[in-house]
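Examining the three-dimensional arrangement
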Amino acid sequence: MFERLILNRIAPFIDEQIIPEQAGFRPGKSTTSQLINLTQHIEDGFERGQITGAVFVDLSATYDTVNHRRLLCKILEITKDTHLTELMENMLQNQRFFVELGGKCSGWRKQKNGLPQDDLCITAQATDFISIEEMLTEALSGLTTYYEENHLHANPSKTQICAFHLRSKVAKCQLNISWSGIPLTHSEHPVYLGVTLDRCLTFKTHVEKTKEKVSTCNNILRKLTNTRWGACPKTLRSTALALCFSTAEYACSAWERSTHAKKLDPVLNESCRCITGCLKSTNISNLHILAGIAPPDIRRAVASMTEQRRQATDERHALHGHVPAPSRLKSQRSFMTSTTPLDPTPSEARLAMWKKKLADHQHSTTMHIPLPKISHQEITTGQSGSV
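Residues numbered from 1 in each chain as written. Predicted model: local features only at pLDDT ≥ 70, side-chain atom pairs only at ≥ 80, totals over all residues. Heavy atoms only, no water.

1. Focus: the packing of helix 4 (residues 68-79) against helix 5 (residues 82-92)
- Contact pair helix 4 / helix 5: the axes reach a minimum separation of 9 Å and the direction vectors enclose 160 degrees. It follows that helix 4 is roughly antiparallel to helix 5 by the angle criterion. By crossing handedness, the relation of helix 4 to helix 5 is classed as right-handed. Side by side, helix 4 and helix 5 meet where His68, Leu71, Leu72, Ile75, Leu76 and Thr79 of the first sit next to Thr82, Leu84, Thr85, Met88, Glu89 and Leu92 of the second.
- When its residues are assigned to classes, the contact of helix 4 with helix 5 shows seven nonpolar, four polar and one charged. (Axes fitted to C-alpha atoms, helices over the stretch in contact; angles between N-to-C directions. Helix = DSSP H or I, 4+ residues; strand = E, 2+ residues; numbered from the N terminus. Parallel < 35°, antiparallel > 145°, perpendicular 65-115°, else oblique. Left-handed = near helix turned anticlockwise from the far one by under 90°. Contact = heavy atoms within 4.5 Å. Nonpolar A, V, L, I, M, F, W, Y, C, P; charged D, E, K, R; others polar.)

2. Digging into the sheet that holds strand 7 (residues 160-164)
- One open sheet accounts for four strands, arranged 6-1-7-10; its pairing is mixed. What marks the edges here is a single partner per strand, and that holds for strand 6 (120-126) and strand 10 (185-186).
- Relative to strand 7, strand 1 (residues 51-57) runs antiparallel, the two being bridged by five bridges. In the strand pairing of strand 7, Phe56 is matched with Gln160.
- The strands touched by helix 2 (residues 31-48) within the sheet are strand 1, strand 6 and strand 7, with strand 6 carrying the most contacts at an inclination of about 10 degrees. (Pairing = 2+ DSSP bridges.)

3. A word on the confidence of the model for the chain
- On average, residues of the chain carry a pLDDT of 86, and 89% of them reach 70 or more.
- Segment residues 366-372: pLDDT under 50, and seven contacts once partners within four positions in sequence are set aside and those in other chains are kept.
- In this model, residues 376-386 is a region of pLDDT below 50 whose contacts with residues beyond four sequence positions or in other chains number 23 contacts. (pLDDT = per-residue confidence, 0-100.)

4. So, the packing of aromatic side chains
- One pass over the structure, following the stated rule, counts three aromatic pairs.
- Centre to centre, the rings of Phe56 and Tyr192 are 5.9 Å apart; their planes meet at 50 degrees, and the pair counts as tilted. Placement of Phe56 in strand 1 and of Tyr192 in strand 11 (residues 191-192) is noted, with a sequence separation of 136 residues between them.
- Ring geometry for Tyr146 versus Tyr147: centroids 6.1 Å apart, planes at 55 degrees, classification tilted.
- Through successive ring pairs, a cluster of aromatic residues spans Tyr146, Tyr147 and Trp179. (Phe/Tyr/Trp six-rings, centres within 6.5 Å; stacked < 30°, edge-to-face > 60°.)

5. So, a nonpolar patch on the surface
- The grouping of Phe97, Val99 and Leu101 at the surface amounts to a nonpolar patch, some 310 Å² of accessible area in total.
- Its location among the elements puts Val99 in the loop between strand 2 (96-97) and strand 3 (100-101). (Patch = residues over 30% accessible without salt bridge, like charges linked within 9 Å, V, L, I, M, F, W, Y side chains within 5 Å. Areas by Shrake-Rupley, 256 points an atom, 1.4 Å probe, with all protein chains shown as cover. Salt bridge = Lys/Arg side-chain N within 4 Å of Asp/Glu carboxyl O.)

6. Some thoughts on the environment of Ala248
- Positionally, Ala248 belongs in helix 8 (residues 233-248).
- Taking the relative accessible area as the measure of exposure, Ala248 reaches 1% and is therefore buried.
- As a C-alpha pair, Ala248 and Glu212 span 36 residues in sequence and 9.9 Å in three-dimensional space.
- Dropping the residues within four chain positions of it, Ala248 is found in contact with Thr210, Val214, Trp255, Leu264 and Leu268. (Buried < 20%, exposed > 50% of the residue type's maximum accessible area, 1.4 Å probe, protein only.)

7. Side note on the pattern of salt bridges
- According to the stated counting rule, one finds 11 salt bridges in the structure shown.
- Glu256 serves as the salt-bridge partner of Arg257, at 3.6 Å between the closest nitrogen and oxygen.
- Lys356 is paired through a salt bridge with Asp360; the nearest N and O atoms lie 3.1 Å apart. In this pair, Lys356 and Asp360 both sit in helix 14 (residues 346-364), four residues apart, roughly one turn of the helix.
- You can call Lys356 exposed: its relative accessible area is 54%.
- Asp360 sits in the partly exposed class, given a relative accessible area of 40%.
- Put simply, Arg222, Glu270 and Arg273 are held in one network by salt bridges that share partners.

8. A few points about the pairing of strand 1
- For strand 1, the buried fraction is high: seven of the seven residues fall into the buried class.
- Side chains of strand 1 alternate between two faces, with Ile51, Gly53, Val55 and Val57 and Thr52, Ala54 and Phe56 buried alike.

Okay, here's the thing in structure tokens:
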């Protein structure tokens, strides 16, 4: 509580001194906005016919190696407040810990260094690989100097590089970059902030990995459906939203326009079957109504629209004020060019889109089935703001 009190007092002042690219632990910024910032930058390169080279930097045990003395010097430089610096120094001193393994505990140890770690991605755009290699090599050289001044240790052996482009003829070409004399490893599927990327931003691998994670969550959900002691439908629904749907929709604003996104729908439909107890023969439209959860494609679309509204109205958003590259590729649907800001609340938008989808489905069938009535009173809103 004391730490949070100090944070609330100093955060507005210190936040003005931090570069806008830094997003970790800052209000108005999120991993989703950072991912969209990166993917939009890459897609802008697609539209300009450029290659985007990226270095995904890894640091050796950053959590344990941030130097407290250097940190305190920075606090004093920014705040000019000796009393605050002394207070922070006292808070960081005499922090002790022990490790418990197999029922046995180690002795107490003092923690002299340590802070949480952020992911770091450096990018450069050009029309050829050589120019990108030169720019990224220069950037890494400057980063090395910064790390040495702040007593941080880079880990080139785990740092990955990747080139994003749409040139099929050079699909196998790799960037040739070294850091501190160590060649960096090329990765066809680098992971940034929990999302797996690929050369053309198809997100095929990410969707496949996410599908496996949701399947695992469904196995946990099934444990709660025992007919003798299982949880009630309301509890099952809340659990499904917290476990299955949250996993499936993480940062979906960055990848929901992918043609592979719909591959997640079957496992999420299975989550709805666990909630309702319906068989596989149950109509999908009725399944979602019985579960009280909007179809997955609608939920993903509304999440993107919500993020677009934040981008347009919140100056703290990573893409606020960004002007996308002129569109020349019909096959590309970037976040900035294909998503519209959300006007109503997310719940109202999901409800309206859901009703429209049901009406369109009814008109496209030969049998005239009465359109189910959906209202806010019949469908409760989950903890994640989900209909």
